Amino acid sequence: MVLENLGNSLKETLKKIARAVFVDDKLVDELIKDLQRALLSSDVNVKLVFELTKSIKERFLKEKQASVTQREHLVKIVYEELVKILGDEKSELVITKKKPYKIMMVGVYGSGKTTTIGKLAKYYSKRGYKVATLGLDVHRPAAPEQLEQICKKINIQSFVNKKEKNALKIYNEFEREYPKYDLLIIDTAGRDSLTQDLIQELKDLNKEIKPDENLLVLSADIGQAVQNLAKGFHEACNVTGVIISKLDGTGKGGGALTGASTTNAKIKFIGVGEKVDDLETFNPKSFVSRLLGMGDLEALLEKARDAISEEKAQDLQEKLLKGEFTLLDLYEQMKAMKKMGPLSKIMEMVPGMGQLKMPKEMLEVQEGKLEKWGIIIKSMTKKELEDPEILSQGNRINRIAKGAGVDPSDVRDLLKQYKQSKKLMKMMKGGDPSKLMKQFKGKMPKGFKF
Ligand code: GDP
Ligand code: MG
(Lines give C-alpha, C1' and ligand atoms only; values in the text may rest on other atoms or scores of the structure.)
(Ligands and ions follow the chains in the order given, each with its own letter.)
Protein backbone atom coordinates (compact mmCIF):
# COMPACT_ATOMS: atom_id res chain seq x y z
CA MET A 1 0.00 0.00 0.00
CA VAL A 2 1.13 3.49 -0.89
CA LEU A 3 2.30 5.61 2.08
CA GLU A 4 1.55 2.92 4.59
CA ASN A 5 2.95 4.71 7.63
CA LEU A 6 1.12 7.93 7.02
CA GLY A 7 -2.04 6.03 6.20
CA ASN A 8 -1.87 4.01 9.39
CA SER A 9 -1.33 6.95 11.67
CA LEU A 10 -4.09 8.94 10.00
CA LYS A 11 -6.43 5.98 10.28
CA GLU A 12 -5.70 5.57 13.98
CA THR A 13 -6.26 9.26 14.56
CA LEU A 14 -9.62 9.25 12.87
CA LYS A 15 -10.74 6.09 14.59
CA LYS A 16 -10.21 7.96 17.82
CA ILE A 17 -12.83 10.44 16.72
CA ALA A 18 -15.22 7.77 15.60
CA ARG A 19 -14.97 6.02 18.93
CA ALA A 20 -14.94 9.08 21.13
CA VAL A 21 -17.82 9.37 23.52
CA PHE A 22 -17.70 13.15 23.46
CA VAL A 23 -16.56 15.33 20.63
CA ASP A 24 -15.28 18.39 22.39
CA ASP A 25 -12.49 20.93 22.05
CA LYS A 26 -10.15 18.67 23.94
CA LEU A 27 -10.63 15.88 21.43
CA VAL A 28 -10.11 18.31 18.58
CA ASP A 29 -6.87 19.52 20.13
CA GLU A 30 -5.66 15.99 20.49
CA LEU A 31 -6.66 15.21 16.93
CA ILE A 32 -4.72 18.22 15.70
CA LYS A 33 -1.60 17.17 17.55
CA ASP A 34 -1.87 13.66 16.11
CA LEU A 35 -2.38 15.00 12.62
CA GLN A 36 0.57 17.33 12.89
CA ARG A 37 2.80 14.54 14.09
CA ALA A 38 1.70 12.22 11.28
CA LEU A 39 2.05 14.79 8.51
CA LEU A 40 5.35 16.24 9.69
CA SER A 41 6.89 12.82 9.99
CA SER A 42 5.92 12.09 6.42
CA ASP A 43 7.75 15.21 5.24
CA VAL A 44 4.87 17.54 4.62
CA ASN A 45 6.03 21.13 4.81
CA VAL A 46 5.74 22.63 8.30
CA LYS A 47 3.92 25.73 7.18
CA LEU A 48 1.41 23.68 5.25
CA VAL A 49 0.82 21.39 8.23
CA PHE A 50 0.09 24.31 10.51
CA GLU A 51 -2.20 25.96 8.00
CA LEU A 52 -4.05 22.71 7.54
CA THR A 53 -4.56 22.03 11.21
CA LYS A 54 -5.50 25.63 11.90
CA SER A 55 -8.18 25.51 9.29
CA ILE A 56 -9.50 22.20 10.64
CA LYS A 57 -9.87 23.70 14.08
CA GLU A 58 -11.43 26.90 12.80
CA ARG A 59 -13.90 25.03 10.68
CA PHE A 60 -14.84 22.72 13.52
CA LEU A 61 -15.56 25.64 15.84
CA LYS A 62 -17.42 27.61 13.20
CA GLU A 63 -19.47 24.78 11.78
CA LYS A 64 -20.39 23.28 15.11
CA GLN A 65 -24.09 23.65 14.51
CA ALA A 66 -24.15 21.48 11.44
CA SER A 67 -26.94 18.97 11.33
CA VAL A 68 -24.80 15.86 10.88
CA THR A 69 -23.33 14.51 14.05
CA GLN A 70 -20.24 16.25 15.29
CA ARG A 71 -18.15 13.12 15.02
CA GLU A 72 -18.91 12.66 11.35
CA HIS A 73 -18.55 16.30 10.72
CA LEU A 74 -15.08 16.37 12.20
CA VAL A 75 -13.98 13.42 10.09
CA LYS A 76 -15.45 15.14 7.05
CA ILE A 77 -13.51 18.34 7.78
CA VAL A 78 -10.22 16.44 8.10
CA TYR A 79 -10.91 14.60 4.86
CA GLU A 80 -11.80 17.76 2.97
CA GLU A 81 -8.79 19.71 4.18
CA LEU A 82 -6.42 16.88 3.24
CA VAL A 83 -8.00 16.68 -0.20
CA LYS A 84 -7.54 20.43 -0.54
CA ILE A 85 -3.80 20.34 0.03
CA LEU A 86 -3.47 17.60 -2.55
CA GLY A 87 -5.09 19.69 -5.24
CA ASP A 88 -8.81 19.21 -4.57
CA GLU A 89 -10.24 18.16 -7.92
CA LYS A 90 -8.89 15.46 -10.17
CA SER A 91 -6.90 16.97 -13.02
CA GLU A 92 -6.50 14.80 -16.07
CA LEU A 93 -4.18 15.27 -19.01
CA VAL A 94 -6.21 16.25 -22.02
CA ILE A 95 -4.61 14.98 -25.21
CA THR A 96 -5.89 17.11 -28.06
CA LYS A 97 -6.23 16.05 -31.67
CA LYS A 98 -3.10 17.96 -32.60
CA LYS A 99 -0.57 15.64 -34.24
CA PRO A 100 1.52 14.95 -32.38
CA TYR A 101 0.54 16.12 -28.93
CA LYS A 102 3.96 16.63 -27.33
CA ILE A 103 4.73 15.76 -23.73
CA MET A 104 8.20 16.57 -22.41
CA MET A 105 9.34 14.87 -19.23
CA VAL A 106 11.61 16.80 -16.89
CA GLY A 107 13.14 16.05 -13.52
CA VAL A 108 16.45 15.39 -11.80
CA TYR A 109 18.51 12.33 -12.53
CA GLY A 110 16.97 9.14 -11.17
CA SER A 111 13.58 10.66 -10.47
CA GLY A 112 11.95 8.13 -12.80
CA LYS A 113 11.50 9.99 -16.09
CA THR A 114 12.45 7.18 -18.46
CA THR A 115 10.55 4.51 -16.54
CA THR A 116 7.48 6.74 -16.41
CA ILE A 117 7.66 7.32 -20.18
CA GLY A 118 7.23 3.59 -20.67
CA LYS A 119 4.26 3.61 -18.32
CA LEU A 120 2.63 6.59 -20.04
CA ALA A 121 3.26 5.16 -23.50
CA LYS A 122 1.51 1.95 -22.53
CA TYR A 123 -1.29 3.81 -20.74
CA TYR A 124 -2.13 5.91 -23.80
CA SER A 125 -1.58 3.29 -26.45
CA LYS A 126 -4.01 1.08 -24.56
CA ARG A 127 -6.51 3.90 -24.87
CA GLY A 128 -6.18 4.02 -28.61
CA TYR A 129 -3.52 6.67 -29.12
CA LYS A 130 -0.65 6.07 -31.50
CA VAL A 131 2.38 6.79 -29.32
CA ALA A 132 6.08 7.33 -30.03
CA THR A 133 8.90 8.31 -27.72
CA LEU A 134 11.98 10.42 -28.30
CA GLY A 135 15.22 10.08 -26.37
CA LEU A 136 16.86 13.42 -25.70
CA ASP A 137 18.89 12.43 -22.65
CA VAL A 138 22.29 12.95 -24.23
CA HIS A 139 24.24 12.95 -20.98
CA ARG A 140 23.78 9.49 -19.56
CA PRO A 141 25.53 7.00 -21.85
CA ALA A 142 22.97 4.21 -21.41
CA ALA A 143 19.91 6.46 -21.59
CA PRO A 144 18.90 5.92 -25.25
CA GLU A 145 19.37 2.20 -24.85
CA GLN A 146 17.17 2.12 -21.75
CA LEU A 147 14.38 3.99 -23.51
CA GLU A 148 14.68 1.79 -26.56
CA GLN A 149 14.44 -1.39 -24.51
CA ILE A 150 11.50 -0.24 -22.46
CA CYS A 151 9.62 0.73 -25.62
CA LYS A 152 10.47 -2.46 -27.45
CA LYS A 153 8.83 -4.50 -24.71
CA ILE A 154 5.55 -2.67 -25.16
CA ASN A 155 5.67 -2.32 -28.94
CA ILE A 156 6.12 1.41 -28.97
CA GLN A 157 8.24 3.24 -31.53
CA SER A 158 11.23 5.02 -29.96
CA PHE A 159 13.42 7.55 -31.74
CA VAL A 160 16.96 7.58 -30.40
CA ASN A 161 20.44 8.42 -31.65
CA LYS A 162 23.09 6.81 -29.49
CA LYS A 163 25.96 8.86 -30.91
CA GLU A 164 24.65 12.38 -31.16
CA LYS A 165 25.35 14.59 -28.14
CA ASN A 166 23.20 17.54 -29.12
CA ALA A 167 19.60 17.10 -28.04
CA LEU A 168 18.15 19.60 -30.49
CA LYS A 169 19.86 17.93 -33.40
CA ILE A 170 18.25 14.63 -32.44
CA TYR A 171 14.88 16.33 -32.23
CA ASN A 172 15.32 17.76 -35.71
CA GLU A 173 16.61 14.49 -37.09
CA PHE A 174 13.25 12.73 -36.68
CA GLU A 175 10.99 15.70 -37.28
CA ARG A 176 9.32 14.20 -40.37
CA GLU A 177 8.18 11.20 -38.34
CA TYR A 178 6.31 12.98 -35.58
CA PRO A 179 3.06 13.89 -37.43
CA LYS A 180 2.40 10.18 -37.88
CA TYR A 181 1.70 9.91 -34.17
CA ASP A 182 -1.01 11.17 -31.82
CA LEU A 183 1.34 11.46 -28.92
CA LEU A 184 5.09 12.05 -28.68
CA ILE A 185 6.67 11.59 -25.26
CA ILE A 186 10.09 13.16 -24.93
CA ASP A 187 12.77 12.02 -22.52
CA THR A 188 15.25 14.62 -21.31
CA ALA A 189 18.42 14.56 -19.27
CA GLY A 190 18.60 15.18 -15.57
CA ARG A 191 21.41 16.17 -13.24
CA ASP A 192 21.98 15.33 -9.60
CA SER A 193 20.27 18.59 -8.85
CA LEU A 194 18.84 21.48 -10.76
CA THR A 195 22.03 23.09 -12.12
CA GLN A 196 22.47 26.09 -14.33
CA ASP A 197 23.33 24.04 -17.42
CA LEU A 198 20.29 21.81 -16.95
CA ILE A 199 18.10 24.90 -16.71
CA GLN A 200 19.63 26.30 -19.89
CA GLU A 201 19.21 23.01 -21.74
CA LEU A 202 15.55 22.76 -20.77
CA LYS A 203 14.91 26.36 -21.71
CA ASP A 204 16.41 25.75 -25.16
CA LEU A 205 14.46 22.54 -25.72
CA ASN A 206 11.28 24.15 -24.49
CA LYS A 207 11.69 27.07 -26.86
CA GLU A 208 12.40 24.92 -29.88
CA ILE A 209 10.08 21.96 -29.30
CA LYS A 210 7.18 23.92 -27.76
CA PRO A 211 5.74 20.92 -25.88
CA ASP A 212 2.04 20.91 -25.09
CA GLU A 213 2.82 19.56 -21.65
CA ASN A 214 5.91 19.70 -19.51
CA LEU A 215 5.54 17.02 -16.89
CA LEU A 216 7.77 17.21 -13.85
CA VAL A 217 8.66 13.85 -12.35
CA LEU A 218 9.25 13.97 -8.60
CA SER A 219 10.41 10.99 -6.63
CA ALA A 220 8.49 10.27 -3.42
CA ASP A 221 11.67 10.39 -1.37
CA ILE A 222 12.52 13.96 -2.26
CA GLY A 223 11.46 15.43 1.08
CA GLN A 224 11.66 19.15 1.68
CA ALA A 225 14.00 19.72 -1.27
CA VAL A 226 10.88 19.62 -3.39
CA GLN A 227 10.06 23.28 -2.86
CA ASN A 228 13.14 24.74 -4.54
CA LEU A 229 13.36 22.03 -7.12
CA ALA A 230 9.78 22.36 -8.30
CA LYS A 231 10.09 26.12 -8.39
CA GLY A 232 13.33 25.91 -10.39
CA PHE A 233 11.91 23.56 -12.99
CA HIS A 234 8.82 25.67 -13.27
CA GLU A 235 10.87 28.75 -14.00
CA ALA A 236 12.94 26.88 -16.57
CA CYS A 237 10.10 25.40 -18.58
CA ASN A 238 6.63 26.13 -17.24
CA VAL A 239 5.60 22.86 -15.62
CA THR A 240 2.03 21.91 -16.61
CA GLY A 241 1.66 18.73 -14.61
CA VAL A 242 3.41 16.60 -12.01
CA ILE A 243 3.98 12.88 -11.68
CA ILE A 244 5.07 11.47 -8.35
CA SER A 245 7.13 8.32 -8.80
CA LYS A 246 8.13 5.65 -6.30
CA LEU A 247 5.15 6.10 -4.02
CA ASP A 248 5.39 2.37 -3.42
CA GLY A 249 8.80 2.78 -1.88
CA THR A 250 10.11 3.78 1.50
CA GLY A 251 9.98 7.47 0.66
CA LYS A 252 7.69 9.40 2.93
CA GLY A 253 5.86 10.94 0.01
CA GLY A 254 4.35 13.86 1.88
CA GLY A 255 6.94 16.32 0.58
CA ALA A 256 6.53 15.39 -3.05
CA LEU A 257 2.74 15.16 -2.91
CA THR A 258 2.20 18.50 -1.26
CA GLY A 259 5.22 20.32 -2.71
CA ALA A 260 3.95 19.75 -6.22
CA SER A 261 1.59 22.67 -5.71
CA THR A 262 4.57 25.08 -5.74
CA THR A 263 4.40 24.86 -9.52
CA ASN A 264 0.68 25.61 -9.66
CA ALA A 265 0.48 22.41 -11.68
CA LYS A 266 -1.60 19.48 -10.54
CA ILE A 267 -0.47 15.92 -9.95
CA LYS A 268 -1.64 13.87 -12.91
CA PHE A 269 -0.26 10.42 -12.21
CA ILE A 270 1.52 8.49 -9.50
CA GLY A 271 4.06 5.74 -10.00
CA VAL A 272 3.63 2.82 -7.67
CA GLY A 273 6.24 0.34 -8.85
CA GLU A 274 9.01 -0.36 -11.32
CA LYS A 275 6.87 -2.23 -13.81
CA VAL A 276 5.29 -0.67 -16.84
CA ASP A 277 1.77 -1.10 -15.46
CA ASP A 278 2.54 0.50 -12.11
CA LEU A 279 0.95 3.82 -12.93
CA GLU A 280 -2.24 5.29 -11.52
CA THR A 281 -4.13 8.43 -12.35
CA PHE A 282 -4.21 10.75 -9.39
CA ASN A 283 -7.46 11.77 -7.82
CA PRO A 284 -7.04 13.66 -4.52
CA LYS A 285 -10.42 12.51 -3.26
CA SER A 286 -9.98 8.81 -3.78
CA PHE A 287 -6.33 9.04 -2.74
CA VAL A 288 -7.27 10.54 0.63
CA SER A 289 -10.21 8.17 1.05
CA ARG A 290 -7.88 5.27 0.60
CA LEU A 291 -5.25 6.76 2.85
CA LEU A 292 -7.78 7.28 5.62
CA GLY A 293 -9.47 3.95 5.09
CA MET A 294 -12.79 5.75 4.63
CA GLY A 295 -14.67 2.50 4.13
CA ASP A 296 -13.67 1.21 7.54
CA LEU A 297 -14.14 4.59 9.06
CA GLU A 298 -17.68 4.91 7.77
CA ALA A 299 -18.55 1.54 9.23
CA LEU A 300 -17.11 2.62 12.55
CA LEU A 301 -19.00 5.89 12.49
CA GLU A 302 -22.17 4.02 11.78
CA LYS A 303 -21.55 1.80 14.76
CA ALA A 304 -20.86 4.79 16.93
CA ARG A 305 -24.02 6.48 15.77
CA ASP A 306 -25.91 3.35 16.60
CA ALA A 307 -24.43 3.01 20.00
CA ILE A 308 -24.86 6.47 21.36
CA SER A 309 -26.63 9.40 19.88
CA GLU A 310 -25.10 12.82 20.05
CA GLU A 311 -27.98 14.14 22.14
CA LYS A 312 -27.65 11.29 24.58
CA ALA A 313 -23.94 11.93 24.89
CA GLN A 314 -24.59 15.62 25.36
CA ASP A 315 -27.22 14.88 27.94
CA LEU A 316 -24.88 12.59 29.79
CA GLN A 317 -22.11 15.13 29.70
CA GLU A 318 -24.36 17.76 31.20
CA LYS A 319 -25.45 15.38 33.93
CA LEU A 320 -21.85 14.58 34.68
CA LEU A 321 -20.97 18.21 34.92
CA LYS A 322 -23.82 18.81 37.29
CA GLY A 323 -22.94 15.73 39.28
CA GLU A 324 -26.28 14.15 38.42
CA PHE A 325 -24.92 10.91 37.07
CA THR A 326 -27.44 8.25 38.01
CA LEU A 327 -27.43 4.49 37.98
CA LEU A 328 -29.60 4.58 34.90
CA ASP A 329 -27.02 6.70 33.13
CA LEU A 330 -24.35 4.25 34.08
CA TYR A 331 -26.36 1.44 32.62
CA GLU A 332 -27.10 3.35 29.41
CA GLN A 333 -23.49 4.23 29.03
CA MET A 334 -22.33 0.71 29.58
CA LYS A 335 -24.77 -0.58 27.03
CA ALA A 336 -23.52 1.98 24.56
CA MET A 337 -19.92 1.17 25.21
CA LYS A 338 -20.58 -2.49 24.99
CA LYS A 339 -21.75 -1.95 21.42
CA MET A 340 -18.58 -0.13 20.53
CA GLY A 341 -16.14 -2.68 21.85
CA PRO A 342 -14.42 -3.37 25.12
CA LEU A 343 -14.40 -0.56 27.61
CA SER A 344 -10.63 -0.67 27.71
CA LYS A 345 -10.53 0.30 24.04
CA ILE A 346 -13.04 3.06 24.55
CA MET A 347 -11.05 4.52 27.41
CA GLU A 348 -8.10 4.91 25.08
CA MET A 349 -10.26 7.15 22.98
CA VAL A 350 -11.32 9.49 25.74
CA PRO A 351 -9.05 12.53 25.67
CA GLY A 352 -6.40 12.25 28.32
CA MET A 353 -7.29 8.72 29.26
CA GLY A 354 -5.09 7.05 26.69
CA GLN A 355 -2.02 7.29 28.87
CA LEU A 356 -3.73 5.54 31.73
CA LYS A 357 -3.18 1.85 31.60
CA MET A 358 -5.90 0.53 33.82
CA PRO A 359 -6.21 -3.08 34.74
CA LYS A 360 -8.47 -5.01 32.44
CA GLU A 361 -10.80 -6.27 35.14
CA MET A 362 -11.66 -2.75 36.04
CA LEU A 363 -12.69 -1.83 32.56
CA GLU A 364 -14.30 -4.88 31.22
CA VAL A 365 -17.86 -5.40 32.19
CA GLN A 366 -18.69 -8.96 31.47
CA GLU A 367 -21.64 -9.71 29.29
CA GLY A 368 -23.42 -11.66 32.02
CA LYS A 369 -22.98 -8.90 34.52
CA LEU A 370 -24.43 -6.30 32.25
CA GLU A 371 -27.51 -8.39 31.74
CA LYS A 372 -27.96 -8.88 35.49
CA TRP A 373 -27.51 -5.20 36.10
CA GLY A 374 -30.22 -4.45 33.59
CA ILE A 375 -32.65 -6.62 35.55
CA ILE A 376 -31.58 -5.15 38.87
CA ILE A 377 -32.07 -1.64 37.58
CA LYS A 378 -35.56 -2.53 36.40
CA SER A 379 -36.37 -3.76 39.89
CA MET A 380 -35.46 -0.44 41.45
CA THR A 381 -37.76 2.47 42.04
CA LYS A 382 -37.20 5.74 40.24
CA LYS A 383 -36.20 7.32 43.51
CA GLU A 384 -33.60 4.64 44.16
CA LEU A 385 -32.19 4.98 40.67
CA GLU A 386 -31.77 8.68 41.00
CA ASP A 387 -30.29 8.50 44.44
CA PRO A 388 -28.61 5.16 45.01
CA GLU A 389 -27.35 6.39 48.39
CA ILE A 390 -30.70 5.56 49.93
CA LEU A 391 -30.11 1.90 49.15
CA SER A 392 -27.94 1.59 52.20
CA GLN A 393 -31.04 2.21 54.32
CA GLY A 394 -33.00 -0.71 55.68
CA ASN A 395 -33.43 -3.84 53.70
CA ARG A 396 -33.62 -2.34 50.25
CA ILE A 397 -30.74 -4.29 48.75
CA ASN A 398 -32.28 -7.61 49.76
CA ARG A 399 -35.67 -6.53 48.46
CA ILE A 400 -34.25 -5.53 45.08
CA ALA A 401 -32.20 -8.73 44.83
CA LYS A 402 -35.30 -10.77 45.52
CA GLY A 403 -37.33 -8.84 42.98
CA ALA A 404 -34.66 -9.27 40.33
CA GLY A 405 -33.98 -12.89 41.19
CA VAL A 406 -30.30 -12.27 41.86
CA ASP A 407 -27.97 -12.47 44.82
CA PRO A 408 -27.69 -9.39 47.08
CA SER A 409 -23.98 -9.41 46.28
CA ASP A 410 -24.86 -8.67 42.63
CA VAL A 411 -26.72 -5.56 43.71
CA ARG A 412 -23.77 -4.47 45.82
CA ASP A 413 -21.52 -5.13 42.87
CA LEU A 414 -23.51 -2.78 40.70
CA LEU A 415 -23.48 -0.12 43.38
CA LYS A 416 -19.73 -0.46 43.71
CA GLN A 417 -19.28 -0.02 39.97
CA TYR A 418 -21.55 3.01 40.09
CA LYS A 419 -19.55 4.65 42.86
CA GLN A 420 -16.29 3.95 41.08
CA SER A 421 -17.59 5.32 37.82
CA LYS A 422 -18.90 8.41 39.50
CA LYS A 423 -15.50 9.01 41.01
CA LEU A 424 -13.87 8.41 37.66
CA MET A 425 -16.23 10.81 35.95
CA LYS A 426 -15.54 13.50 38.49
CA MET A 427 -11.84 13.22 37.83
CA MET A 428 -12.30 13.10 34.09
CA LYS A 429 -14.31 16.23 34.41
CA GLY A 430 -11.40 17.81 36.24
CA GLY A 431 -9.36 16.79 33.25
CA ASP A 432 -6.33 15.88 35.29
CA PRO A 433 -5.20 12.34 34.59
CA SER A 434 -2.42 12.61 37.15
CA LYS A 435 -5.02 12.94 39.87
CA LEU A 436 -6.60 9.82 38.55
CA MET A 437 -3.33 7.99 38.65
CA LYS A 438 -2.79 8.93 42.25
CA GLN A 439 -6.26 7.81 43.07
CA PHE A 440 -5.70 4.39 41.67
CA LYS A 441 -2.23 3.96 42.99
CA GLY A 442 -2.10 1.56 45.84
CA LYS A 443 -5.28 -0.11 44.69
CA MET A 444 -3.66 -1.69 41.72
CA PRO A 445 -2.54 -5.29 41.59
CA LYS A 446 1.07 -5.97 42.49
CA GLY A 447 3.56 -5.09 39.80
CA PHE A 448 1.11 -2.84 38.01
CA LYS A 449 2.62 0.34 36.66
CA PHE A 450 1.15 3.51 35.32
P1 GDP B 1 15.45 8.92 -14.72
O2 GDP B 1 16.90 9.09 -14.47
O3 GDP B 1 14.67 10.09 -14.21
O4 GDP B 1 15.14 8.60 -16.13
O5 GDP B 1 14.98 7.69 -13.83
P6 GDP B 1 14.70 6.19 -14.27
O7 GDP B 1 13.44 6.10 -15.03
O8 GDP B 1 15.91 5.63 -14.91
O9 GDP B 1 14.44 5.53 -12.87
C10 GDP B 1 15.41 5.47 -11.85
C11 GDP B 1 15.12 4.26 -10.99
O12 GDP B 1 13.91 4.40 -10.32
C13 GDP B 1 15.02 2.97 -11.77
O14 GDP B 1 15.68 1.96 -11.08
C15 GDP B 1 13.52 2.71 -11.83
O16 GDP B 1 13.25 1.34 -11.92
C17 GDP B 1 13.07 3.28 -10.53
N18 GDP B 1 11.67 3.69 -10.55
C19 GDP B 1 11.07 4.58 -11.37
N20 GDP B 1 9.77 4.75 -11.05
C21 GDP B 1 9.52 3.93 -10.00
C22 GDP B 1 8.35 3.64 -9.21
O23 GDP B 1 7.24 4.19 -9.38
N24 GDP B 1 8.50 2.75 -8.20
C25 GDP B 1 9.71 2.14 -7.96
N26 GDP B 1 9.76 1.29 -6.94
N27 GDP B 1 10.80 2.39 -8.67
C28 GDP B 1 10.74 3.26 -9.69
MG1 MG C 1 16.35 8.56 -17.80
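In this text, all values refer to a predicted model and were calculated from it rather than measured experimentally.

A. Just the pattern of salt bridges, in detail. For the structure shown, the criterion picks out 24 salt bridges. One salt bridge in this structure joins Asp-29 and Lys-57, with 2.4 Å as the shortest N-O distance. Taken together, the residues span a long stretch of sequence, with Asp-29 in helix H2 (residues 25-40) and Lys-57 in helix H3 (residues 46-62) at a distance of 28 residues. According to the relative accessible area criterion, Asp-29 is partly exposed, its value standing at 32%. A relative accessible area of 27% places Lys-57 in the partly exposed class.

B. The arrangement of the site of ligand 1 in detail. Every one of the 16 residues lining ligand 1 counts as a neighbour, but Gly-110, Lys-113, Thr-115, Asp-248 and Glu-274 are closest to it. The separation between an oxygen atom of ligand 1 and a polar main-chain atom of Gly-112 is 2.9 Å. In this structure, an oxygen atom belonging to ligand 1 sits 3.1 Å away from a main-chain N or O atom of Gly-273. Surface burial for ligand 1 is 81%, taken as the share of its 580 Å² of free accessible area covered by protein chains. The element best represented in the shell around ligand 1 is helix H5 (residues 113-126), accounting for four residues.

C. Broad picture of the packing of H2 against helix H4 (residues 70-85). In the contact formed by H2 and H4, the axes pass within 12 Å of each other and the chain directions differ by 30°. For the element pair H2 / H4, the angle class is roughly parallel. Between H2 and H4 lies a crossing whose hand is right-handed. Counting all contacts with H2, which are made through Leu-27, Val-28, Leu-31, Leu-35 and Leu-39, the residues of H4 involved are Leu-74, Val-78 and Leu-82. Split by residue class, the contact of H2 with H4 holds eight nonpolar, no polar and no charged.

D. Spotlight on the confidence of the model for the protein chain. Across the protein chain, pLDDT averages 83, with 78% of residues at or above 70. Across residues 439-450 the pLDDT falls below 50, and counting only partners more than four positions away or on other chains, this stretch makes 18 contacts in the model.

E. Layout of the pairing of strand E6 (residues 241-245). Judged by how many residues are buried, E6 sits mostly within the fold: five of five residues are covered. Neither face of E6 is open: one carries Gly-241, Ile-243 and Ser-245, the other Val-242 and Ile-244, and all of them are buried. By the bridge criterion, five bridges tie strand E5 (residues 213-219) to E6 in an arrangement that is parallel. Bridging across to E6, Val-217 finds its partner in Ile-243. Here E6 pairs with strand E7 (residues 266-271) via four bridges, running parallel. Looking across to E7, one finds that Ile-243 is bridged to Phe-269. After leaving E6, the chain enters helix H10 (residues 254-259) and then returns to the sheet as E7, a path that is right-handed.

F. Seen up close, unusual backbone geometry. Here the residue pair Lys-99 and Pro-100 is connected by a cis peptide bond, since its omega of -10° sits within 30 degrees of zero. Positive phi is not limited to glycine here, since Lys-210 has a value of about 50°. Residue classification places Lys-210 among the exposed residues on the basis of a relative accessible area of 57%.

G. Structural view of the side chain of Thr-114. Within the secondary structure, Thr-114 sits in helix H5. Excluding its chain neighbours within four sequence positions, the residues that come into contact with Thr-114 are Gln-146, Leu-147, Ile-150 and Asp-187.

H. Spatial organisation of the pairing of E7. Where burial is concerned, most of E7 is hidden: five out of the six residues are buried. Where E7 lies against strand E8 (residues 279-281), three bridges are found, and the strand directions are antiparallel. Residue pairing across strands places Ile-270 opposite Glu-280, the latter belonging to E8.

I. H4, seen in detail. If you check H4, its first and last C-alpha atoms are 23 Å apart, about what 16 residues at 1.5 Å a residue would give, namely 22 Å. Of the residues making up H4, those classed as buried are Gln-70, Arg-71, His-73, Leu-74, Val-75, Ile-77, Val-78, Tyr-79, Glu-81, Leu-82, Val-83 and Ile-85. Gly-87 lies just past H4 and shows a positive phi near 110°.

About the thresholds
- Residues numbered from 1 in each chain as written.
- Chains lettered and ligands numbered in written order.
- Predicted model: local features only at pLDDT ≥ 70, side-chain atom pairs only at ≥ 80, totals over all residues.
- Heavy atoms only, no water.
- Salt bridge = Lys/Arg side-chain N within 4 Å of Asp/Glu carboxyl O.
- Helix = DSSP H or I, 4+ residues; strand = E, 2+ residues; numbered from the N terminus.
- Buried < 20%, exposed > 50% of the residue type's maximum accessible area, 1.4 Å probe, protein only.
- Near = heavy atom within 4 Å.
- Polar contact = N/O pair within 3.5 Å; in protein donor to acceptor, adjacent residues only side chain to side chain.
- Areas by Shrake-Rupley, 256 points an atom, 1.4 Å probe, with all protein chains shown as cover.
- Axes fitted to C-alpha atoms, helices over the stretch in contact; angles between N-to-C directions.
- Parallel < 35°, antiparallel > 145°, perpendicular 65-115°, else oblique.
- Left-handed = near helix turned anticlockwise from the far one by under 90°.
- Contact = heavy atoms within 4.5 Å.
- Nonpolar A, V, L, I, M, F, W, Y, C, P; charged D, E, K, R; others polar.
- pLDDT = per-residue confidence, 0-100.
- Pairing = 2+ DSSP bridges.
- Right-handed = clockwise from strand over helix to strand, strands pointing away.
- Expected span 1.5 Å × (residues − 1).

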